[in-house]
Amino acid sequence: MALIPAAGGGCGESSTPSPSIRSPSPANSDVEWDSFDPQAYVRHNYAVLRADDREILRRTRDFFAETTLSDACCVDVGSGANLYPALSLLPIARTLDLCDWSASNVRWLSTQIASYDELWDPYWQVCAEHPAYSAVTDPRGRLAQVGRVLRTSVFDLPRRAWDAGTMFFVACSISADQAEAEHAIGSFLHALRPGSPFVVTVMLGSRGYHVGEHLFPAVALQRAEVVATIATSAYDLDVHEVQPPTPLRDGYLSMLLATGRSHG
Ligand SMILES: C[S@@+](CC[C@H](N)C(=O)[O-])C[C@H]1O[C@@H](n2cnc3c(N)ncnc32)[C@H](O)[C@@H]1O
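The present account deals with the structure reproduced in this document. Model, not experiment: these values are computed from the prediction.

Some points on helix H4 (residues 103-114)
Between its first and last C-alpha, H4 extends 17 Å over twelve residues, near the 16 Å set by a 1.5 Å rise per residue. Within H4, burial applies to Ala103, Ser104, Asn105, Val106, Trp108, Leu109, Gln112 and Ile113. Packed against the buried residues of H4 are helix H1 (38-45), strand E2 (93-100), helix H7 (139-146) and strand E3 (147-151).

Written out as C-alpha cells, the structure is:
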C-alpha cells in the first residue's frame, strides 16, 4: 500500500515545508517529481508485506487469472517504486511496460526489472499461491525478459495500445486537483484496447504523503466519484474497499480497488 504518512505527518498538515511543492494546491506540473526518493518510498510502504497489500494483491491476482488472457501487451502506469502490480501481470504478459514520469523512479524501475530485490519475494509468494502464477518458475527472470521502463506521463499515453493494465495509487496521488485525477483515470482506461481487463487502486480521502523529507500532494477522492469516473470508460466493474489495518495510519480513509474491462 502506498501513501502511508510519515510519522507526524498526514492529512497535509505537516509543519515541514517541502521543496517538492511550490503551490498550496498543486497541479501535477507544479510538483518536482524527480525529487521522489524511491528507496525511502519502498522502505516506508513496502519493506514489510502488510495485510492490506496482501488482500489487494490476492484480489488482483485472482482477477487476472480468471481472464485466462495470455501473451498480452501489459502496462502498469505510475509504477513508481512498487513492483507488485507488475508481478500481478507477469503470467499473462508477452510485454510489460512500466511507466512513470519521475526520473528517479524510472532509474529505480530500470534497476529492479533487471533483477528485483528480495524484498519483493513475499509479494510473489502471494501470487504463486495461484497455479496460474506458480507456473512462472522464475519470476525475476521473466520480469527481466518482458519488462520495459518508459518515462511517460499518464496524460500522454497512446490510445488503445495495451491489452491489460494496472494503475495503483496514482490518480489520487499526483496532484491536489480532482479534475486531474479524473483525467488520469480516463487516460489510463483509454490507453487499453476495448475489452482489456484492468485494476485501478486509489486512496480515498487522502490529503498528501511524505516520501523522505518531501511532501507530495493528493486529492481527497470519494468512492462514488471514483466509481462514476471509472464507469464512464469501463464495464463489468467490481469495486472493493480495503480498510487500513490500524487507525494509526491517518493520511487517508481507505483504499478502493476496482477491476473491470475498458471500453477502449
Ligand atoms: C503515490 S505514487 C504510486 C506509486 C506506485 N504505483 C504504488 O503503487 O505505490 C505516485 C506515482 O505517480 C508518479 N507520477 C506523478 N506524476 C505522474 C504523471 N504525470 N504520469 C505518470 N506518473 C506520474 C510518481 O512519480 C509516483 O511514482
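Structural notes on empty space enclosed by the protein
Within the structure shown, the criterion is met by one cavity of 30 Å³ or more. Of the volumes computed, that of the largest cavity is approximately 350 Å³. Taken together, 29 residues make up the lining of the largest cavity; nearest its centre are Gly78, Gly80, Asp100, Val170 and Ile174. For the lining of the largest cavity, the secondary-structure elements that each account for two or more residues are strand E1 (72-77) and E2.

A short note on the environment of isoleucine 185
Positionally, isoleucine 185 belongs in helix H8 (residues 178-190). C-alpha separation for the pair isoleucine 185 and valine 200, spaced 15 residues apart in sequence, amounts to 8.3 Å. With residues up to four places along the chain from it excluded, the contact list for isoleucine 185 reads Met167, Ala171, Val226, Thr229 and Ile230.

Topic: the state of the cysteines
Summed over all chains, the structure comprises zero disulfides. The structure places no disulfide on cysteine 73, whose sulfur is separated from the nearest cysteine sulfur, that of cysteine 74, by 7.4 Å.

What to know about the site of the ligand
Residues in close proximity to the ligand total 24 residues, the closest being Tyr41, Tyr46, Gly78, Asp100 and Phe168. The separation between a nitrogen atom of the ligand and a polar main-chain atom of glycine 78 is 2.7 Å. At a separation of 2.6 Å, an oxygen atom of the ligand approaches a polar side-chain atom of aspartate 100. Here the shell around the ligand is built from residues that sort into 13 nonpolar, ten polar and one charged.

Considerations on the packing of aromatic side chains
How two aromatic rings sit relative to each other is given by the distance of their centres and the angle of their planes. This model, assessed by the stated rule, comprises 17 aromatic pairs. Ring centres of tryptophan 108 and tryptophan 120 lie 6.3 Å apart, and the angle between their planes is 70°; on these two criteria the pair is classed as edge-to-face. On the criterion of sequence distance, the pair formed by tryptophan 108 in helix H4 and tryptophan 120 in the loop between H4 and helix H5 (121-127) is long-range, its members being twelve residues apart. Overall, the relative accessible area of 6% leaves tryptophan 108 in the buried class. An aromatic cluster is built from Trp33, Phe36, Tyr41, Tyr46, Tyr84, Trp108, Trp120, Tyr123, Phe168, Phe169, Tyr209 and Phe216, whose rings are joined through pairwise contacts. For the cation-ring pair, arginine 140 lies above tyrosine 116, with the distance from its terminal atom to the ring centre recorded as 4.3 Å. The cationic tip of arginine 151 hangs over the ring face of tryptophan 101; the distance from NZ or CZ to the ring centre is 4.2 Å.

Points about the packing of H8 against helix H9 (residues 223-232)
The N-to-C vectors of H8 and H9 enclose an angle of 35°; their axes lie 9 Å apart at closest approach. Note that H8 runs across H9; the crossing there is right-handed. Facing Gln178, Glu182, Ile185 and Leu189 of H8, the residues of H9 in contact are Glu225, Val226, Thr229 and Ile230. A class-by-class count of the residues in the contact of H8 with H9 yields four nonpolar, two polar and two charged.

Quick word on the sheet that holds E3
The strand order E3-E2-E1-E4-E5-E9-E8 describes an open sheet built from seven strands, whose pairing is mixed. In this open sheet, the two edge strands, each paired with only one partner strand, are E3 and strand E8 (234-242). Direction aside, neighbouring strands of the sheet carry axes that sit 15° apart on average. Relative to strand E4 (residues 164-168), E1 is paired through three bridges, and the arrangement is parallel. Note that in E4 the partner of valine 75 across the bridge is glycine 165. Contacts from H9 reach strand E5 (197-204), E8 and strand E9 (254-262), with the element oriented near 155° to E8.

A short note on the nonpolar core
Leu96, Trp120, Phe188, Val202 and Ile230 are the most contacted members of the largest nonpolar core, which has 82 residues in total. When residues in this core are grouped by element, the largest group, six residues, is from E5. With near-sequence residues (within four places) excluded, phenylalanine 188 lies in contact with Val75, Val77, Leu157, Gly165, Thr166, Met167, Phe198, Val199 and Val200.

Conventions adopted
- Residues numbered from 1 in each chain as written.
- Predicted model: local features only at pLDDT ≥ 70, side-chain atom pairs only at ≥ 80, totals over all residues.
- Heavy atoms only, no water.
- Helix = DSSP H or I, 4+ residues; strand = E, 2+ residues; numbered from the N terminus.
- Expected span 1.5 Å × (residues − 1).
- Buried < 20%, exposed > 50% of the residue type's maximum accessible area, 1.4 Å probe, protein only.
- Contact = heavy atoms within 4.5 Å.
- 1 Å grid on protein atoms, 1.4 Å probe; cavity = no way out; pocket = protein on both sides within 12 Å on 5 of 7 lines; lining within 4 Å.
- Points joined across faces, edges and corners; volume = space filled by probe spheres on them.
- Disulfide = S-S within 2.5 Å.
- Near = heavy atom within 4 Å.
- Polar contact = N/O pair within 3.5 Å; in protein donor to acceptor, adjacent residues only side chain to side chain.
- Nonpolar A, V, L, I, M, F, W, Y, C, P; charged D, E, K, R; others polar.
- Phe/Tyr/Trp six-rings, centres within 6.5 Å; stacked < 30°, edge-to-face > 60°.
- Lys NZ or Arg CZ within 6 Å of the ring centre and 35° of its normal.
- Axes fitted to C-alpha atoms, helices over the stretch in contact; angles between N-to-C directions.
- Left-handed = near helix turned anticlockwise from the far one by under 90°.
- Pairing = 2+ DSSP bridges.
- Core = buried A, V, L, I, M, F, W, Y, C linked by side-chain atoms within 4.5 Å.

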